[in-house]
Amino acid sequence: MKTDAEIRRDVESELQWDPSIDDGKIGVIVNGGVVTLTGDVGHYQGKCAAEDITKRVSGVRAIANDIQVKIPMSGIRTDTEIAEAAANALRWNFSLADTQVKPIVKDGWVTLSGKVTFGFQRNSAVSAVRNLIGVKGVTSDIVVASAVKAADVQRKIEDAFKRHAILDARDIEVKVDDSTVTLKGYVHTWQEHADADRAAWAAPGVAHVENRLVIQ
């Protein structure tokens, strides 16, 4: 088992190694395998990227992302400019065809609303706008609306776990209450944690996923 010092070293090395982010102002604190990211970045995508990079490091049990977004003058956009860019990004995203997702922007923060059929479409909408220049953060109020039976959703998710060789389905329990999926049990890495999350979101009618899987 890694020590906190080893996890911190590996997270810092991973942040330095990945060219998608400037790690110069990012701090890493580790306590009991829980990583806290501090400092600031010049774009919201940088905050998200730092979290995704940290998840790749073995031994990380949880992440607290306290990174602040401080947009430089060259990256500042008006709310109108951001709203126009967000509307275009959503309209040109093939996974959001035939949906009515709309962005509202206030002080650089984008709030998405509307209805979709699949949970992955909601995640896709967030990804589409979080990369835009000037965005300080994203909130999703998108509703997943689909008439499916809870038992069918549970069966489809469990079948997906069995098909994914990287996941040990025996250690994962799936519960479905209306449109909310709760995952319990154990996985070995953040990658497995994320794979289980994606498999759950892929089922039709899933509006919420509570991923309570513990990383051992």
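Residues numbered from 1 in each chain as written. Predicted model: local features only at pLDDT ≥ 70, side-chain atom pairs only at ≥ 80, totals over all residues. Heavy atoms only, no water.

A. Main features of the sheet that holds strand S6 (residues 109-116). In spatial order, the strands read S5-S6-S7; together these 3 strands make up an open sheet with mixed pairing. Of all the strands in the sheet, just strand S5 (102-106) and strand S7 (137-144) have a single pairing partner and so form its edges. Looking at each pair of strands side by side, their axes are set apart by 15° on average, direction ignored. Across the sheet, helix H3 (residues 79-91) is in contact with S5 and S6; its angle to S5 comes to roughly 160°. (Pairing = 2+ DSSP bridges. Helix = DSSP H or I, 4+ residues; strand = E, 2+ residues; numbered from the N terminus. Axes fitted to C-alpha atoms, helices over the stretch in contact; angles between N-to-C directions. Contact = heavy atoms within 4.5 Å.)

B. Structural context of the pattern of salt bridges. Counting across every chain of the model gives 10 salt bridges. A salt bridge links Lys2 to Asp10; the nearest nitrogen and oxygen atoms lie 2.5 Å apart. Put simply, Asp195 and Arg198 hold a salt bridge, and the shortest N to O gap is 2.3 Å. Placement of both Asp195 and Arg198 in helix H6 (residues 190-201) is noted, with a separation of 3 residues, approximately one turn of the helix. Overlapping salt bridges, with partners in common, bring together Lys2, Arg9 and Asp10 in one network. (Salt bridge = Lys/Arg side-chain N within 4 Å of Asp/Glu carboxyl O.)

C. Summary view of the side chain of Asp195. Among the residues examined, Asp195 registers a relative accessible area of 12% and is labelled buried. A polar atom in the side chain of Asp195 sits 2.3 Å from the side chain of Arg198. (Buried < 20%, exposed > 50% of the residue type's maximum accessible area, 1.4 Å probe, protein only. Polar contact = N/O pair within 3.5 Å; in protein donor to acceptor, adjacent residues only side chain to side chain.)

D. Focus on the pairing of S7. Pairing analysis gives 8 bridges linking S6 to S7, with the strands arranged parallel. Pairing of Lys115 across the sheet is with Val143, part of S7. Running through helix H4 (residues 119-130), the crossover from S6 to the neighbouring parallel element S7 is right-handed. (Right-handed = clockwise from strand over helix to strand, strands pointing away.)

E. Representation of H3. Helix length check: H3, at 13 residues, gives a terminal C-alpha distance of 18 Å against a target of 18 Å (1.5 Å per residue), a fit within 8%. Taken as a whole, H3 has its buried residues at Ile82, Ala86 and Leu90. End-on, the buried residues of H3 take up no more than an arc of 65°, which puts them together on one face. Facing away from the buried surface of H3 by more than 90 degrees, the exposed residues are Thr80 and Arg91. (Expected span 1.5 Å × (residues − 1). Arc of directions from axis to C-beta.)

F. The pairing of strand S8 (residues 172-177), seen in detail. What you see with S8 is a clean split: Ile172, Val174 and Val176 sit on the buried side and Glu173, Lys175 and Asp177 on the side with no burial. In this sheet, strand S9 (residues 180-187) lies alongside S8 in antiparallel orientation, the contact comprising 6 bridges. The residue bridging Asp177 from the neighbouring strand is Thr180, located in S9. In textbook terms, the turn of a hairpin is the stretch between consecutive antiparallel strands, and for S8 and S9 this stretch comprises 2 residues, one of which, Asp178, has a positive phi near 60°.

G. Main features of the packing of aromatic side chains. This model, assessed by the stated rule, comprises 1 aromatic pair. Arranged with centres 5.6 Å apart and planes meeting at 40°, the rings of Phe118 and Phe120 form a pair that is tilted. (Phe/Tyr/Trp six-rings, centres within 6.5 Å; stacked < 30°, edge-to-face > 60°.)

H. Structural detail: the environment of Ala89. As for its position among the elements, Ala89 is in helix H3. Between the C-alpha atom of Ala89 and that of Ala125, which follows or precedes it by 36 residues, the distance is 8.6 Å. Not counting residues within four places of it along the chain, the set of residues in contact with Ala89 comprises Ala128 and Leu132.

I. A look at the confidence of the model for the chain. In the predicted model, the chain carries a mean pLDDT of 88, and the fraction of residues at 70 or more is 95%. Model confidence for the chain, summarised as mean pLDDT per element, is weakest for helix H5 (residues 150-163) at 76 and strongest for S5 at 97. (pLDDT = per-residue confidence, 0-100.)

J. Broad picture of the packing of H3 against H4. Axis separation between H3 and H4 bottoms out at 9 Å; the angle between their running directions is 135°. Considering the angle they form, H3 stands oblique to H4. Regarding H3 and H4, the two cross each other, and that crossing is right-handed. Counting all contacts with H3, which are made through Ala86, Ala89 and Leu90, the residues of H4 involved are Ala125, Ala128 and Val129. Grouping the amino acids of the contact of H3 with H4 by side-chain chemistry returns 6 nonpolar, no polar and no charged. (Parallel < 35°, antiparallel > 145°, perpendicular 65-115°, else oblique. Left-handed = near helix turned anticlockwise from the far one by under 90°. Nonpolar A, V, L, I, M, F, W, Y, C, P; charged D, E, K, R; others polar.)

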